[in-house]
Amino acid sequence: MTKKVLISGAGIAGSTLAYWLHRSGFAVTVVERAPAMRDGGYKVDIRGAALDVVRRMGLLDEIRALRTDVRGAFVVDATGRRVASMDADTFGGREHGDAEILRGDLARLLYGRTRDAVTYRFGDSIESIMDGTVTLHSGHTETFDVIVGADGLHSRTRELTFGPEREFVHDLGYRIAICAVPNHLGIDREELTYVGPGRTTLVYSTARDTDAKAMFIFRTPSTEDADRRAALRAAYTDQGWEVPRLLEALTPDLYYDALCQVRMDSWARGRVVLLGDAAYCASPASGQGTGLALVGAYVLAGELASASHERAFAAYERVMRPFVAANQKLGPDNVKRMVLGSKGQVRVSMAMLGLMARMPGRERILARVMAPLHRAANAITLPDYGSASATACSGPST
Ligand SMILES: Cc1cc2nc3c(=O)[nH]c(=O)nc-3n(C[C@H](O)[C@H](O)[C@H](O)COP(=O)(O)OP(=O)(O)OC[C@H]3O[C@@H](n4cnc5c(N)ncnc54)[C@H](O)[C@@H]3O)c2cc1C
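Residues numbered from 1 in each chain as written. Predicted model: local features only at pLDDT ≥ 70, side-chain atom pairs only at ≥ 80, totals over all residues. Heavy atoms only, no water.

For the protein chain, an unreviewed UniProt entry supplies the name FAD-dependent oxidoreductase and the organism Virgisporangium aliadipatigenens.

A. Representation of the packing of aromatic side chains within the structure. This model, assessed by the stated rule, comprises 13 aromatic pairs. Centroid distance Tyr120 to Phe122: 5.7 Å. Interplanar angle 10 degrees. Geometry classified as stacked. Judged by relative accessible area, Tyr120 falls into the buried class, the value being 14%. Looking at Phe122, the relative accessible area reads 24%, which means it is partly exposed. Here the aromatic residues Tyr19, Trp20, Tyr298 and Tyr385 are joined through ring pairs into a cluster of three or more. Positioned over the ring face of Phe144 is Lys4, at 5.1 Å from the centre of the ring. The ring of Phe74 has Arg82 lying over it, and the distance from NZ or CZ to the ring centre is 4.2 Å. (Phe/Tyr/Trp six-rings, centres within 6.5 Å; stacked < 30°, edge-to-face > 60°. Buried < 20%, exposed > 50% of the residue type's maximum accessible area, 1.4 Å probe, protein only. Lys NZ or Arg CZ within 6 Å of the ring centre and 35° of its normal.)

B. Focus on helix H11 (residues 309-328). At Met320, H11 shows its maximal bend, which comes to roughly 40 degrees, and the proline Pro322 appears one to four places after that position. The complete set of buried residues in H11 reads His309, Ala312, Phe313, Ala315, Tyr316, Glu317, Met320, Phe323, Val324, Asn327 and Gln328. (Bend = angle between axes of the 7 residues up to and from the residue. Helix = DSSP H or I, 4+ residues; strand = E, 2+ residues; numbered from the N terminus.)

Here it is in structure tokens:
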């Protein structure tokens, strides 16, 4: 009998899982709270084992075609002077065909690959779960063999099944905001970084996008930021460079959240299992949230296709735990390099970056800095689940 799976969340993890489960003959429903596919967000890297997952999905060429193509990375001072310049791939720690793509482009691509093969219910969400029977906010009730919480950092499925967010979500003490802004700086496939004490600002433009994107990442002890735009403005008062103009220009698609990690002893209970940020968010500072979502979805689908849900959940945890641990370690380490504590630290760092950018062999130095990222991205050998029972998913998206 065809097994029925409900996935909560049509993000990177949810759509990837839908793809693989459908290929193995499952009947898949995805329930997404947003009224349509959410395609905002920053640029994300697909590297290491995650690259292998998208290759196995036959998506690599399309992902490569959508590459951001950002070429130069520059550090600027308060007057806008470029004090250090580097090749963007070196600066972003990309090697061996790693691909940088906008999160929204990836989300759209995954949705395009699955929309004709699985049932998407937009504008709805899980209200209650009773063993395998789920009631949605709309009132719709249905019974499933497996329920997957791929509903992100603030997962409702996790709250309903495991308990309140505060038990699992650990705030690293920073906020991150990402937003499209008009490209008034006239940059073309470049990335500019401005570092102030406790606050870093980045602006970049990518291929095929007339707007630019701005990212703000700042340290704060406060959890009182109900008005996100006001919190952002308060954190960035008295900042130099183009910061005041960028804050004025924020468009409505603002992504704003605390920099958090999710740490849980177990990702499954009964018929419910968690996936991606809902289970093991490593924080955007890790640079590996997308990779964890892609790899986790591949492994969970493969295990579910091979065994009962109890065995599959246990195997999923066994395979994923070391990979998750390696990648979660990156988050707190990286954010300390991205956001500097004091004026003195900023001065020293800027001087060192300026020096390093002019040094012969700088690629080797940066490669050493990035080595932990590459080790973590490759800290799993993807099981080969075979494709004997595979059925075709819908063709390439347009
Ligand atoms: C709009 C958006 C922009 C993002 N931008 C960035 C970024 O710029 N940089 C970065 O590092 N990370 C960003 N993230 C997070 C990043 O996508 C994830 O860390 C990573 O891709 C892991 O994916 P995920 O599928 O586990 O979670 P997510 O990509 O967060 O997807 C979760 C999905 O679940 C949906 N959802 C949430 N609650 C419910 C509910 N109760 N019922 C049904 N559906 C629900 C959400 O709308 C979303 O579509 C963004 C996430 C979103 C949703």
